[in-house]
Protein chains: 2
Amino acid sequence: MAERLNRASDRPAYRQIADRLRAEVARGDFAPGAQLPSESALEARFKVSRVTARRALSVLVNDGLAQSEHGRGYFLRTPPPVQRLSSDRFDSRDAGTEDAPVEVLFVGRGPVPAKMAERLGLVAGDDVIVRNRRYLLEGRPARSAVSYIPLDIAAGTPIAEEDPGPGGIYARMEEQGLTFDKYDEEVTARVATEEESRLLLLPGSTPVLQVVRTAFADGRPVEVCEAVMDAAAFVLDYSLPARRS
Amino acid sequence: MAERLNRASDRPAYRQIADRLRAEVARGDFAPGAQLPSESALEARFKVSRVTARRALSVLVNDGLAQSEHGRGYFLRTPPPVQRLSSDRFDSRDAGTEDAPVEVLFVGRGPVPAKMAERLGLVAGDDVIVRNRRYLLEGRPARSAVSYIPLDIAAGTPIAEEDPGPGGIYARMEEQGLTFDKYDEEVTARVATEEESRLLLLPGSTPVLQVVRTAFADGRPVEVCEAVMDAAAFVLDYSLPARRS
DNA sequence: GAGTGGTCTAGACCACTTC
DNA sequence: AAGTGGTCTAGACCACTCT
């Protein structure tokens, strides 16, 4: 028998169906990663057209609860393990604990984008060392990061190499005698671009967190890093000391 | 004459249309807030069905570029003025500069939600003072915030009143002799819930930034505040001092 | 081959806004 | 009344996955 919808309600059919699916998900009817009812299953169950069934499922997809796979079905999104990026994460580089698996996409010379040039005190188009990489979390890409480093700091050093060695590029900079002052971070959120969706294997248009970090050493900017991460997978932790009385 | 689409392309018609609209927007063909072509206009222009025209427009809506208004049309979203929340924003309370227009939605006693109880060292359901408010930015609601303050700190003080007075609740706490130690902030992003979309006047499902701040004074948590803001309108600024050698 | 989602069409009725 | 977006139907063809 067909499950009944309140067709007189203001709440459209597709939302009512989505509400029921959401409730079932919340109740634990589906294991993480489990397949949700197919479009045709919903058509039969609620006696609606395929478009309506699709719309209901797309609500869940849009909310980040589900994900569709062409030819396979709709699946409950496995909540990605939440990764906390805490504000003291730069303290750990000598300890060598910050070793998320990294996939290097590009390392080399290239022109600096306008937005980044400003932060580095350069002019748009100036050449810098570009380091583009992707961090994995339990085998899945979760974060992409692009760093821009002025040539006078990076050129001819391990910083311009694929593998900059233990402790990463910050350790190399310190070995050059640079002393870090501070890191400024600008946090924003938006929907992923199509390219980012591909890169991070995100469904459709899901939200991402974007962090633009400028590292300062000896009073000058020495690196700008733009990181884009699956918003569902990250919590950014910051601890702000109270101003002193 | 109908504008031609590449029907042989892998890129679906609705995306091609969306791409062209996006390009026109980028080129500045539409003023901020201006009306975009209507669904029927796109039907005629590209000789597609209404569903396809709709889909194209909904791509722009989904990306946060446009917004539909029932019975009126699709409009380019005015980029909301970006508000920067910097990490030193708590230093300004005596200066009285932190006076964004505020709309108080609720102030009173209420049970603390489980997630917040933990941070305050309380048990879920314990009563606390709840302060629910909405901040306006150029007349538009841009940020909602709910604070939870333990009763022993807030009950019977201006902190439990609608208007806590100049400098806000932090100033009142200091007057009680509390000395602030630090503020811990957890930043996440996600799509707005339906309720949040109503509260912040956001179209459909747009991304929001969520900041959960725990304020510590004299070694104990004295306030938890959950803020939800239109991601398009905010940049969060944090400055992290480098660890000292 | 059967089942799945992705795209598209041509129509319909409704609710809202504007004139 | 005319134009707009919001919902819904019944069908179609395609691409992908699985067995």
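Anything mentioned here points back to the structure above.
Residues numbered from 1 in each chain as written. Chains lettered and ligands numbered in written order. Predicted model: local features only at pLDDT ≥ 70, side-chain atom pairs only at ≥ 80, totals over all residues. Heavy atoms only, no water.

Brief notes about the pattern of salt bridges
What counts here: By definition here, a salt bridge exists when the distance from a side-chain nitrogen of Lys or Arg to a carboxyl oxygen of Asp or Glu is within 4 Å. Under the scheme used here, helices are H or I runs from DSSP no shorter than 4 residues and strands are E runs no shorter than 2 residues, and both carry numbers assigned from the N terminus. Exposure categories follow from relative accessible area, calculated using a 1.4 Å probe and restricted to protein chains: below 20% of the type maximum is buried, above 50% is exposed, and the middle band is partly exposed.
In total, this model carries 48 salt bridges over all chains according to the counting rule given. Salt-bridge contacts for A:R54 lead to A:E39; the nearest nitrogen and oxygen are separated by 2.7 Å. In this pair, A:R54 sits in helix α3 (residues 50-62) while A:E39 sits in helix α2 (residues 39-46), placing the two residues 15 residues apart along the sequence. Since its relative accessible area comes to 12%, A:E39 is described here as buried. For the salt bridge of A:R119 with A:E186, the shortest nitrogen-to-oxygen distance reads 2.5 Å. Within this pair, whereas A:R119 is found in helix α4 (residues 114-120), its partner A:E186 is found in strand β7 (residues 180-191), the two being separated by 67 residues in sequence. Connected through salt bridges with shared partners, the residues A:R11, A:R15, A:D19, A:R22, A:D63 and B:E194 form a single ionic network.

A few points about the interface of chain B and chain A
Heads up, the condition is: Contacts: residue pairs with any heavy atoms within 4.5 Å of one another. A simple way to read buried area is as the amount of 1.4 Å-probe accessible surface that goes missing from two parts once joined, with both sides added.
Contacts between the two partners involve 41 residues from chain B, matched on the other side by 41 residues from chain A. In this assembly, chain B packs against chain A so that about 3,400 Å² is buried in total across both faces, 48% of it on carbon and sulfur atoms. Counting the surface chain B buries against chain A, the share from its top three residues, B:Y238, B:L240 and B:R243, is 22%. Taken together, the links from chain B to chain A amount to seven salt bridges. A salt bridge links B:R84 to A:E186, with the shortest nitrogen-to-oxygen separation between them at 2.4 Å. Looking at the side of chain B that touches chain A, the elements with two or more residues in it are α1 (13-27), β7 (180-191), β8 (207-217) and β10 (234-241) of chain B. For the side of chain B that touches chain A, the leading source of residues is β7(B), giving 12 residues.

Topic: the protein's contact with DNA strand C
The condition that has to hold: Any residue with a heavy atom positioned within 4 Å of a molecule or strand is treated as near that molecule or strand. Polar contact is the term for a pair of N or O atoms within 3.5 Å; when the atoms are in protein, one must be able to donate a hydrogen and the other to accept it, and sequence-neighboring residues count only if both atoms are side-chain atoms. Each residue gets one label: Ala, Val, Leu, Ile, Met, Phe, Trp, Tyr, Cys and Pro are nonpolar, Asp, Glu, Lys and Arg are charged, and the others, such as Gly, are polar.
Looking at DNA strand C, there are 25 residues lining it, with A:R50, A:Y74, B:A13, B:S49 and B:T52 nearest. The side chain of A:Y74 places a nitrogen or oxygen atom 3.5 Å from a phosphate oxygen of DNA strand C. Elements that contribute at least two residues to the surface near DNA strand C include exactly α2, α3, β1 (66-69) and β2 (73-76) of chain A together with α1 and α3 (50-62) of chain B. With four residues, the single largest contributor to the surface near DNA strand C is α3(B). Here the residues of the surface near DNA strand C are counted per class, giving six nonpolar, 10 polar and nine charged.

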